[in-house]
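# Descriptive analysis of the structure
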Amino acid sequence: MHILIVDDDKKFCSTLKKILDKKGYEVTAVPDPLRVLHTAKNGDFDLMLIDHRMSPMTGLEVLENLRKEGIRTPAIMISAYVSRDTFFESRRLGIVNYINKPFSMQQLEELIENTARNMKKE
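Let us look at the structure shown here. Source: prediction; values computed, not measured.

Attention shifts here to the overall build of the protein chain. Helices and strands together make up the secondary structure of the protein chain, namely 5 helices and 5 strands. Mapped in sequence order, the helices and strands of the protein chain form the string β-α-β-α-β-α-β-α-β-α. Taking 122 residues into account, the globule formula puts the C-alpha radius of gyration at 14 Å, and the protein chain, at 13 Å, falls close to it. Principal axes of the C-alpha set define a box for the protein chain whose edges measure 30 × 30 × 25 Å. When the 122 residues of the protein chain are sorted by exposure, 42% land in the buried category.

Core analysis: the biggest nonpolar cluster contains 20 residues, and Leu4, Val36, Met48, Ile50, Leu63 and Leu66 have the highest contact counts within it. Among the secondary structure elements, those contributing two or more residues to this core are strand E1 (2–6), helix H2 (36–41), strand E3 (47–51), helix H3 (59–68), strand E4 (75–79) and strand E5 (95–100). Top contributing element to this core by residue count: H3, with 4 residues. Aside from chain neighbours lying at most four places away, what touches Val36 is Leu4, Val6, Val30, Val62 and Leu66. Ranked by size, the runner-up nonpolar core spans 16 residues in total, among them Leu16, Leu20, Val27 and Ile99.

Moving on to the sheet that holds E4. If you walk across this open sheet you meet the 5 strands as E2-E1-E3-E4-E5, and the pairing is parallel. Looking along the sheet, the strands with just one partner apiece sit at the ends: strand E2 (26–30) and E5. Averaged over all neighbouring strand pairs, the angle between strand axes comes to 20°, with direction disregarded. Direction of pairing for E1 relative to E3: parallel, over a ladder of 4 bridges. Considered in E3, the bridge of Ile5 is made with Leu49. Contacting E3, E4 and E5, H3 runs over the sheet at an angle of about 145° to E3.

Under the defined criterion, the tally for this structure stands at 7 salt bridges. The salt bridge involving Arg92 is made with Glu89; its shortest N-O contact spans 2.6 Å. Placement of the pair is Arg92 and Glu89 together in helix H4 (residues 84–92), with a separation of 3 residues, close to one helical turn. Here Arg92 falls in the exposed class, since its relative accessible area comes to 54%. On the basis of relative accessibility, which here comes to 28%, the residue Glu89 falls in the partly exposed class. In the salt-bridge network here, residues are joined through shared partners; they are Asp7, Asp51 and Lys101.

Calculation notes
Residues numbered from 1 in each chain as written. Predicted model: local features only at pLDDT ≥ 70, side-chain atom pairs only at ≥ 80, totals over all residues. Heavy atoms only, no water. Helix = DSSP H or I, 4+ residues; strand = E, 2+ residues; numbered from the N terminus. Rg over C-alpha atoms; globule rule 2.2 N^0.38 Å. Buried < 20%, exposed > 50% of the residue type's maximum accessible area, 1.4 Å probe, protein only. Core = buried A, V, L, I, M, F, W, Y, C linked by side-chain atoms within 4.5 Å. Contact = heavy atoms within 4.5 Å. Pairing = 2+ DSSP bridges. Axes fitted to C-alpha atoms, helices over the stretch in contact; angles between N-to-C directions. Salt bridge = Lys/Arg side-chain N within 4 Å of Asp/Glu carboxyl O.

So, in structure tokens, the structure goes:
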């Protein structure tokens with residue numbers, strides 16, 4: 001499974017990439033939300049992990065731009081807080097699941113595996 005990580009926290013992005021690499025995933029990490037579109041267009045990704053609160057764009061803005069370009073890769077939103085409005089908007093844009101910060105790697109792995117299983121069923 002090829003995973004695209006989008007998070008403007010470079011240390012978090014790098015650490016998450018290293019851990020998921022060791023677990024056998026193929027991972028591309030992009031710490032700059034402005035570069036995501038180019039990376040997503042030129043890669044064959046099965047899943048995206050997108051942080052909600054980034055600068056200069058939020059995760060929802062990143063996802064909306066990707067959708068406008070026809071990129072339909074399923075995504076998991078990473079967030080410390082999700083409002084009701086954010087939840088409904090993210091569902092409209094194709095967020096398939098959420099994980100709240102802080103989280104354990106076991107929680108993230110289970111979520112990735114469950115998401116992959118559900119994608120295969122569709």
